[in-house]
Amino acid sequence: MIPMISSDQEQIQVNSSDSLSDEESLHDTDSKQDLPTVYDTYTKFKKYTILLIIIGLGFLSTFDKLIFVPALPTVIQDLHSTETLGLLTITVYMLGSCFCGLIWGVLSDCYGRRSIILLALSGFLLSVAGSYFSSNIYIFLVSRVLQGAFICVAQILGPATIADIYQPNERARAISLFYAFHFVGSLVGPTIGGPLSYHYGWRSTFIVVEILAIVLFILYIFFVPETHQYIVVCKYHETGTKLLEYDLLVKPTLQNPCLALTYLKETTMLPYVILLALGYMSMNIAQLFFPIQLSKAPYNYKSDIIGILYLPLAIVKCSGSIIGGILSDYAAVRYMETSRIHEGHVVPALLFSVLTPIGLIIYGWSFQYGMHIALPVIGLIICLFGQTTTRPGIYSFYTIKYQHCLASVIAANNFVQLLLTTIMLTFTAIIVESIGNGLYFTIIAVANILTTIVPAIIILRKIRLSHISDKISSQSIPLISTDDEQ
């Protein structure tokens, strides 16, 4: 009997210790839930202020790229250059953005957002001054490379900063505002640059860019703190305040910039990278050939009329990005509640991405047969709306899946987009001359459709598996209760 009694006592002690450990774990869980999060360290006003300045930097990144383009023939003449070298000023700008974005991404993930952005903006101010004082085309080309290399920090760290301060279910709307003004900058730049160059010379465009950059630089210094989540959490911990993310975040380390490209091979990211890259390339090619086609027969439009036609395109890009962000946040909440998957952000993006190939086909064949100007404009509007509504949801999905290395992931994604666009812009004129607008843009449209299929299959499969697991868990509950009763 004695062994049995001792055994019972031990069992009682074990059960009591288990219950105590359960209570302690529940107490720890409750205490952690009571902790403030890193997102609670910013007031609404502070978030809006940071977002406004980040949006301004996103606008500057595309505004600077294209503001002097209407005066490109004058630049070639003044610098005693050739048309080939003149067009190269746009290509090298994109190449600088393409490769240096990888560097800014890994530096920011390791050392924080604030110091890297201020460093890049300082270099950008100097490179803009270099473009203004260029005495020949070669100095101008070097200055343009540096401009693209420095200002691309806005395209990389803009979404990363937004993800640092906004909750996952609020990010798509904030990111959509960033890309709305990012796209508007590409249309406002030429609209302002044309008249400005005509009245005051092409160098005056860089004075406007310099002034805008200085204003944003000063605003950033005074109103934007460090937002890197690991740095913020450690700062609060040192002052005696523990945030909820303290045990979740890992100390970042400096990596080889080329290692950022390894994220592209991940199956959770690669389909969306390809989808965005083809869409971005298609959108830019369509916009580039828009004024070129309108200046030819049967349209023969002058630059002032072409500039007016860009206004509805700007409205469509801005509204499309905002609509895509709102719908992505709504879908994210809905699918997280019903299916518990993070890909809910991407569902509206995939639905709207279908509009891109439809618009490309209308656009290409309308120019092929010289149809009324309304048709190619409608086609381009549909294409731009489809592409701008697609981007906020996918970028929001990136921010959830890769919070710890977000800047590197965005840099790798932008690298593919810019590189593909640069390559295709180089050969598009030759291809169009050989096969025509209609067939060329139809091929691009088919490629866009094919890239939508794979991510759609992935999301549908995850939703189906989630519903199956819910059915299995719901069926297992009666069995457990029956066993207990028995």
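The model shown is predicted, which means the values in this text are computed figures rather than measured ones. (Residues numbered from 1 in each chain as written. Predicted model: local features only at pLDDT ≥ 70, side-chain atom pairs only at ≥ 80, totals over all residues. Heavy atoms only, no water.)

(A) View of the overall build of the chain. Along the chain, the regular secondary structure elements total 17 helices and zero strands. Looking at the chain as a whole, 49% of its 486 residues qualify as buried. When contacts within the chain are restricted to residue pairs at least 6 apart in sequence, those whose partners lie at least 24 apart make up 82%. As presented, the chain carries roughly 22900 Å² of accessible surface, and 69% of it is formed by carbon and sulfur atoms. (Helix = DSSP H or I, 4+ residues; strand = E, 2+ residues; numbered from the N terminus. Buried < 20%, exposed > 50% of the residue type's maximum accessible area, 1.4 Å probe, protein only. Contact = heavy atoms within 4.5 Å. Areas by Shrake-Rupley, 256 points an atom, 1.4 Å probe, with all protein chains shown as cover.)

(B) Local environment of a nonpolar patch on the surface. The grouping of Ile207, Ile211, Ile214, Val215, Ile218, Leu219, Ile221, Phe222 and Phe223 at the surface amounts to a nonpolar patch, some 780 Å² of accessible area in total. With respect to the helices and strands, the residue Ile207 is situated in helix 9 (residues 204-223). The exposure class of Ile207 is partly exposed, given its relative accessible area of 39%. (Patch = residues over 30% accessible without salt bridge, like charges linked within 9 Å, V, L, I, M, F, W, Y side chains within 5 Å. Salt bridge = Lys/Arg side-chain N within 4 Å of Asp/Glu carboxyl O.)

(C) Structural context of helix 16 (residues 406-435). A rise of 1.5 Å per residue sets the reference length of helix 16, with its 30 residues, at 44 Å; its end C-alpha atoms lie 41 Å apart and thus fit the reference within 8%. A maximum bend of about 45 degrees is found in helix 16 at Thr428. Looking one or two residues past helix 16, Gly436 carries a phi angle of roughly 90 degrees, positive in sign. (Expected span 1.5 Å × (residues − 1). Bend = angle between axes of the 7 residues up to and from the residue.)

(D) Summary view of the nonpolar core. In this structure, Phe290 and Tyr398 are the most contacted members of the largest nonpolar core, which totals 127 residues. If you tally residues by element for this core, the top one is helix 11 (residues 270-294), at 13 residues. The residues contacting Phe290, other than those within four sequence positions of it, are Leu309, Tyr310, Leu313, Tyr363, Phe367, Val377 and Leu380. (Core = buried A, V, L, I, M, F, W, Y, C linked by side-chain atoms within 4.5 Å.)

(E) Summary view of helix 5 (residues 113-132). When the terminal C-alpha atoms of helix 5 are compared, their 29 Å separation across 20 residues agrees well with the 28 Å that a helix rising 1.5 Å per residue should span. The complete set of buried residues in helix 5 reads Arg113, Ile116, Ile117, Leu118, Ala120, Leu121, Gly123, Phe124, Leu125, Ser127, Val128 and Ser131. Considering only its buried residues, helix 5 is in contact with helix 2 (44-66), helix 4 (83-111), helix 6 (137-151), helix 7 (153-165), helix 9 and helix 16.

(F) Seen up close, the side chain of Arg144. Topologically, Arg144 is positioned in helix 6. Within the buried set, Arg144 has no salt-bridge partner at all; the shortest N-O distance to an opposite charge, 4.0 Å, is to Asp64. Not counting residues within four places of it along the chain, the set of residues in contact with Arg144 comprises Asp64, Lys65, Phe68, Thr89, Val92, Tyr93, Ser131 and Phe206. (Lys, Arg positive; Asp, Glu negative; His and termini not counted.)

(G) A look at the packing of aromatic side chains. Tallied over the full model, the rule gives 21 aromatic pairs. An angle of 35 degrees between the planes, with centres 5.0 Å apart, marks the rings of Tyr179 and Tyr395 as tilted. You can see Tyr179 sitting in helix 8 (residues 171-200) and its partner Tyr395 sitting in helix 15 (residues 374-401), a full 216 residues away along the chain. Of the two residues examined, Tyr179 and Tyr395, each falls in the buried class. With a centroid separation of 5.3 Å and 75 degrees between ring planes, the pair formed by Tyr440 and Phe441 is classed as edge-to-face. Residue Tyr440 shares its accessibility class with Phe441, and that shared class is buried. (Phe/Tyr/Trp six-rings, centres within 6.5 Å; stacked < 30°, edge-to-face > 60°.)

(H) Geometry of the packing of helix 2 against helix 6. It is the contact of helix 2 with helix 6, at a shortest axis distance of 10 Å, that shows an interaxial angle of 165 degrees. With respect to helix 6, the element helix 2 is oriented roughly antiparallel. In this structure, helix 2 crosses over helix 6, and the sense of that crossing is left-handed. Of the residues in helix 6, those in contact with Leu60, Ser61, Asp64 and Lys65 of helix 2 are Arg144, Gln147 and Ile151. Taken together, the residues of the contact of helix 2 with helix 6 break down into two nonpolar, two polar and three charged. (Axes fitted to C-alpha atoms, helices over the stretch in contact; angles between N-to-C directions. Parallel < 35°, antiparallel > 145°, perpendicular 65-115°, else oblique. Left-handed = near helix turned anticlockwise from the far one by under 90°. Nonpolar A, V, L, I, M, F, W, Y, C, P; charged D, E, K, R; others polar.)

(I) Focus on the side chain of Ser396. With respect to the helices and strands, the residue Ser396 is situated in helix 15. Polar contacts involving the side chain of Ser396 include one to the main-chain amide nitrogen of Ala172, which spans 3.3 Å. Beyond its immediate chain neighbours, meaning those up to four positions away, Ser396 contacts Arg171, Ala172, Ile175 and His345. (Polar contact = N/O pair within 3.5 Å; in protein donor to acceptor, adjacent residues only side chain to side chain.)

(J) Examining the environment of Ser108 more closely. The residue Ser108 is located in helix 4 in this model. Assessed through its relative accessible area of 0%, Ser108 is described here as buried. Spatially, the C-alpha atom of Ser108 lies 9.3 Å from that of Ile156, the residues being 48 residues apart in sequence. Discounting residues that sit within four places of it in the chain, Ser108 has contacts with Arg113, Ile116, Leu157, His228 and Ala407.

(K) Structural context of the pattern of salt bridges. Going through the model one piece at a time under the given rule, you end up with three salt bridges. Residue Arg113 is joined to Asp109 by a salt bridge in which the shortest nitrogen-to-oxygen separation is 3.2 Å. Given the relative accessible area of 1%, Arg113 is considered buried. For Asp329, the salt bridge is made with Arg173, and the minimal N-O distance between the two is 2.8 Å. Here Asp329 is found in helix 12 (residues 303-338), whereas its partner Arg173 is found in helix 8, with 156 residues between them in sequence.

(L) Main features of the packing of helix 15 against helix 16. Where helix 15 contacts helix 16, the axes come no closer than 9 Å and their chain directions differ by 140 degrees. Taken together, the axes of helix 15 and helix 16 are oblique relative to one another. Across the interface between the two elements, Arg391, Tyr395, Tyr398 and Thr399 from helix 15 touch Leu406, Val409, Ile410, Asn413, Asn414 and Gln417 from helix 16. Of the residues in the contact of helix 15 with helix 16, the class split is five nonpolar, four polar and one charged.

(M) Up close: the confidence of the model for the chain. Of all residues in the chain, 88% attain a pLDDT of 70 or more, and the chain-wide mean is 83. In the model, residues 1-30 has pLDDT below 50 throughout and makes zero contacts with residues more than four positions away in sequence or in other chains. Across residues 479-486 the pLDDT falls below 50, and counting only partners more than four positions away or on other chains, this stretch makes zero contacts in the model. (pLDDT = per-residue confidence, 0-100.)

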